[in-house]
Amino acid sequence: MELKLTLNGRAVAASVEADTLLIDFLRAQGCLSVKRGCETANCGLCTVLMDGTPVLSCSVLALRAAGHHIQTLEGLQEEAADFAAFIADQGAEQCGFCNPGFVMNTVALLRENPDPTDDEIRAYLAGNLCRCSGYEGQLRGIRAYLDHKKGRG
Amino acid sequence: MDKLKTVGQPVRKKDAMALLLGKPVYMDDIVPQNCLVVKVLRSPHAHALIEEINTDVAQKVPGVVAVYTYKDVPQKRFTMAGQTYPEPSPYDRLILDQRLRFVGDAVAIVAAEDEAAADKALKLIKVKYQVLEAVLDPHEALDGPILVHPEDNWRSLCPVGADNKRNLCASEVCSDGDVEDVLSHCDYVIDHIYHTPACNQAMMETFRTYTEMDPYGRLHVISSTQIVFHVRRILANALDIPKSKIHVEKPRIGGGFGAKQTVVAEIYPAFVTWKTGRAAKMIYTREESLIASSPRHDMEVHVRLGASKDGTIRAIDVYTLSNTGAYGEHGPTTVGLSGHKSIPLYTGNLEAFRFAYDVVYTNRQSAGAYRGYGATQGIFAVESAVNELADKLGLDPVAIREKNMVREGQVMPAYYNEKTNACALDRCMSRCAQLFGWKEKFPVRDMGNGKVRAAGVAMAMQGSGISGVDVGSATIKLSDEGFYNLSIGAADMGTGCDTILAQMAAECLDCPVDNIAVFGADSDASPYDSGSYASSTTYVTGKAVERACQQLKENLCAIAAQMLECKPEDVEFTGQGVRRLDGGGEVSLMDIATKSMCGNEIPVQVTYTHSSPVSPPPFMVGMVELEVDKETGGVEVLNYVAVVDCGTPINPNLARVQTEGGIVQGIGMALFEGITYDEKGNLLENSLMQYKIPTRLDMGHLRVEFESSYEPTGPFGAKSIGEIVINTPSPAIAHAIFRATGVWHRELPITPEKVLMGMKAKG
Ligand code: FES
Ligand code: FES
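Caption draft 1: Layout of the overall build of chain A. Counting secondary structure elements, chain A contains 5 helices and 5 strands. Its helices and strands taken in sequence order, chain A reads β-β-α-β-β-β-α-α-α-α from the N to the C terminus. On C-alpha atoms alone, chain A measures out to a radius of gyration of 16 Å, which is about the 15 Å that the 2.2 N^0.38 rule sets for 153 residues. The principal-axis extent of the C-alpha atoms belonging to chain A is close to 50 × 30 × 20 Å. When the 153 residues of chain A are sorted by exposure, 58% land in the buried category. Long-range pairs, those at least 24 residues apart, make up 59% of the contacts in chain A with a sequence separation of at least 6.

Printed below as a string of structure tokens:
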């Protein structure tokens, strides 16, 4: 079946099967930041933005994205690098396998709520599992970024 | 000693931004997408023989390239455990076997052009099983009527007390002093059995491997592994081909925690590529990673702990029954830590100890290596027993530990008679108590809303590498423009060892970390390293880095001396170059690098190999404050404070995050994670829906600090940190829950259901 959508700002037309999942379509398109950590919509690793809203690409059929704008981390490098550097300064990237999903959801959080409290951060990112970092360093990184931004602004 | 410049600094990990920005660095990101997809048909029975297997229809599915059964594989048994040869783990595996030993055991291998074809073929393989009675309960395994490995070509390479005709994977007894006699003279003896079920590493990247034939006719393996060199040997054993025919490298790894110290996925695509000549990959599903991998050994630890009225701990007797499941990977070795890394914590006044164990085969998923490696299980038991003792005697659990804990300079009979050269456990305890507010938080507080707050404590130790066994090597090379290449065979699995080892090199060579380009790990190109496990990399490989840099500096001075027309002893290394001590000239690193490539015979590349006769333990104290909901049995962790003595923290940021990550895994183990089976041997937690790992809402607030000691045998005084950090949460949490509810939970995980039932039963 023919699928047309906008991927990271670029018009894409491709043929997919009716049961192709968005995650597999995106990886086939070269968006390799999108990771799979489970088959049960539990880990958040596959998070991408559909029209700006985070979705689990493992649980969306590729065809459902027809006509929509999908963004992956490949398309948000600068916006992400802004705060990711602060997470790097905590050493909280660790193995990194969960990072793309977590970073995408953080992008969405910060767009929605530019000045979240720690509890708001925890709640928003609760669906993003990380087995390495123990989460605390990710939080410190985001907090440091927010503090830095305030100091700047 | 001069003040350190790079070691001890929170240097950013070299690959940090690449990882955070989602660059394609993992196995499935970097291999050709048009390779064969490999899948495995898995046994629906816990114990069965394949009577007939017909693959004709499956082979005909368009896109299917090959289907293999037990009739197609080499008949030499091997182990998948990544250990130094001769492996203590028995040779009890075939790539595919006619006998199936657990639900999920491999029945057939399918290779196809795409996933859909592979999936279709899996469904079309016709198997007639002769279903056999299974042995699921470890208590019934030893000398029971059902044998998991009756085969005659089963082999144990080391004297570990194994006997397949008894379902015995290993057994041993060791002791010091007369434990029965001392126990009989103790005022109190705590005598309980503690049970830690199997739990899964659940690293976010599942097992995965890519294989292809290289232009030299060798098998090239790209695998998410902690052990490139062991993978080479194990694949050669499994395929029954020369080791020279195999080349293994690892890309970035999406977490390991010991899981990837076992060759879980590698053998399948390797077999396919070797047979077909075609490139192939195998990506484990999450379900496969949960049902057919290498989780923590399910252990039952029987502790008898004797003390006098004043709280002096005089004797400890530990017996561990470990369940290795269907195969013996890491079975004979994990179990040892359950006693050898728990009992020595109480060396202080200990008059006698005994430690005995049996490791049995059952028809469950085979176990493997998981962070903590048996110490976690033993420490849950012994630390719980000490907390029970403190309660019985009405003593403060912190005070009873201060009275009995191991201290610097003591010889630990239960730890191979090693001496603690560096031990800040006492300082960890007092600092932790102060940071946590032990005095205020230990008393139980009824919050008046049906909730009760309480606190618990535990100590822990681990090792730093396997003494006399683990080998770490480093190659350091001066290159153009005066930068350095550091090659290692240790595997950075996210922990940051590439950066930590570069920090050490930068310190030795007096240069910025950016001047060190790190490479690893590759079985052809890296110097030999046992691999990243047993908390060895910082301590063992780190020392190799230090020594290699030392030697390189001497070589650079020799080249510079020629250039400066003087003797090597008349120059000194400055970091930027080498200068004559008499002030008569200087050459830069770039000059030396240039010279090294023109008419030079002195190597500017040095490899140093290190092994340590000792394994200095890191130490740690953890304290938890939690709240129990008396209505629901729900437990909420509020605060966790830990103070760690890992020797010198080489990179305090990475040490901190390791600690935090380990604590959260430990909280998961204490409260939610555990593998259970139905009566047919089906594993129940086969997805992340059922196997719940902690989210960021399940962990409360963490606070981690360091109390450093200086380990003279380690690089810059360092010991290890990777594993110890998972050990304190289970006993500390069980302790706090007892304080809140009056019920000791001696079996993990302590679910709300168990808490509630416990309170009900108590009335
Ligand atoms: S892959 Fe786990 S939620 Fe999508
Ligand atoms: S960094 Fe490894 S899972 Fe999050």
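Now that the structure has been shown, the text picks up again.
Caption draft 2: Structural detail: the interface of chain A and chain B. Every contact between the two is made by 50 residues of chain A and, on the other side, 54 residues of chain B. In total, about 4,100 Å² of surface goes out of reach between chain A and chain B, with carbon and sulfur atoms giving 56% of it. For the pair chain A and chain B, the interface holds 7 salt bridges. In this structure, the salt-bridge partner of B:E660 is A:R140, at a minimum N-O distance of 2.7 Å. Linking chain A with chain B are 29 residue pairs in polar contact (both at pLDDT 80 or more), by the criterion used here. Of all the secondary-structure elements, those providing two or more residues to the side of chain A that touches chain B are helix 2 (77-88), helix 3 (99-112), helix 4 (118-124) and helix 5 (136-152) of chain A.

Caption draft 3: Examining the nonpolar core more closely. Residues and elements named next belong to chain B. Formed by 199 residues in total, the largest nonpolar core has its most connected members in I95, I109, V303 and M623. Top element by residues in this core is helix 11 (residues 375-393). It accounts for 10 residues. In this structure I109 touches V38, K39, V40, A66, V67, Y68, I95, L96, Y268, F271 and V272, once residues within four positions along its chain are discounted. Among the nonpolar cores identified, the runner-up in size contains 44 residues, and L552, A560, L564 and L589 belong to it.

Caption draft 4: Representation of the domain arrangement of chain A in the model. Residue and element names in this part refer to chain A. Structurally, chain A comprises domain 1 (2-74) and domain 2 (76-152). A separation of 22 Å is found between the C-alpha centroids of domain 1 and domain 2. Taken together, the 16 residues of domain 1 in the interface contact 17 residues of domain 2. Taken together, the two surfaces of domain 1 and domain 2 that pack against each other cover about 1,300 Å², and 64% of this comes from carbon and sulfur. When the area that domain 1 buries against domain 2 is broken down by residue, the three leading residues are L45, L49 and L73, summing to 41%. Linking domain 1 with domain 2 are 0 salt bridges, by the criterion used here. Put simply, domain 1 and domain 2 have 4 residue pairs in polar contact (both at pLDDT 80 or more) between them. With 3 residues, strand 3 (residues 47-50) is the single largest residue contributor to the side of domain 1 that touches domain 2. For the side of domain 1 that touches domain 2, the residue count by class is 6 nonpolar, 7 polar and 3 charged.

Caption draft 5: Seen up close, the packing of aromatic side chains. Residue and element names in this part refer to chain B. Under the counting rule described, the total for this entry stands at 13 aromatic pairs over all chains. Plain terms: the ring middles of Y194 and F380 are 5.9 Å apart, the flat faces sit at 85 degrees to each other, and that makes the pair edge-to-face. Residue Y194 is found in strand 8 (residues 188-196), and its partner F380 is found in helix 11; the two are separated by 186 residues along the sequence. Under the relative-accessibility criterion, Y194 is labelled buried at 1%. Geometry around F672 places K692 over its ring, the cationic atom sitting 4.8 Å from the centre. Over the face of the ring belonging to F442 we find R739, whose NZ or CZ atom lies 3.7 Å from the ring centre.

Reading the values: the criteria
- Residues numbered from 1 in each chain as written.
- Chains lettered and ligands numbered in written order.
- Predicted model: local features only at pLDDT ≥ 70, side-chain atom pairs only at ≥ 80, totals over all residues.
- Heavy atoms only, no water.
- Helix = DSSP H or I, 4+ residues; strand = E, 2+ residues; numbered from the N terminus.
- Rg over C-alpha atoms; globule rule 2.2 N^0.38 Å.
- Buried < 20%, exposed > 50% of the residue type's maximum accessible area, 1.4 Å probe, protein only.
- Contact = heavy atoms within 4.5 Å.
- Buried area = accessible area lost by both parts, 1.4 Å probe.
- Salt bridge = Lys/Arg side-chain N within 4 Å of Asp/Glu carboxyl O.
- Polar contact = N/O pair within 3.5 Å; in protein donor to acceptor, adjacent residues only side chain to side chain.
- Core = buried A, V, L, I, M, F, W, Y, C linked by side-chain atoms within 4.5 Å.
- Domains from an automatic or database assignment.
- Nonpolar A, V, L, I, M, F, W, Y, C, P; charged D, E, K, R; others polar.
- Phe/Tyr/Trp six-rings, centres within 6.5 Å; stacked < 30°, edge-to-face > 60°.
- Lys NZ or Arg CZ within 6 Å of the ring centre and 35° of its normal.

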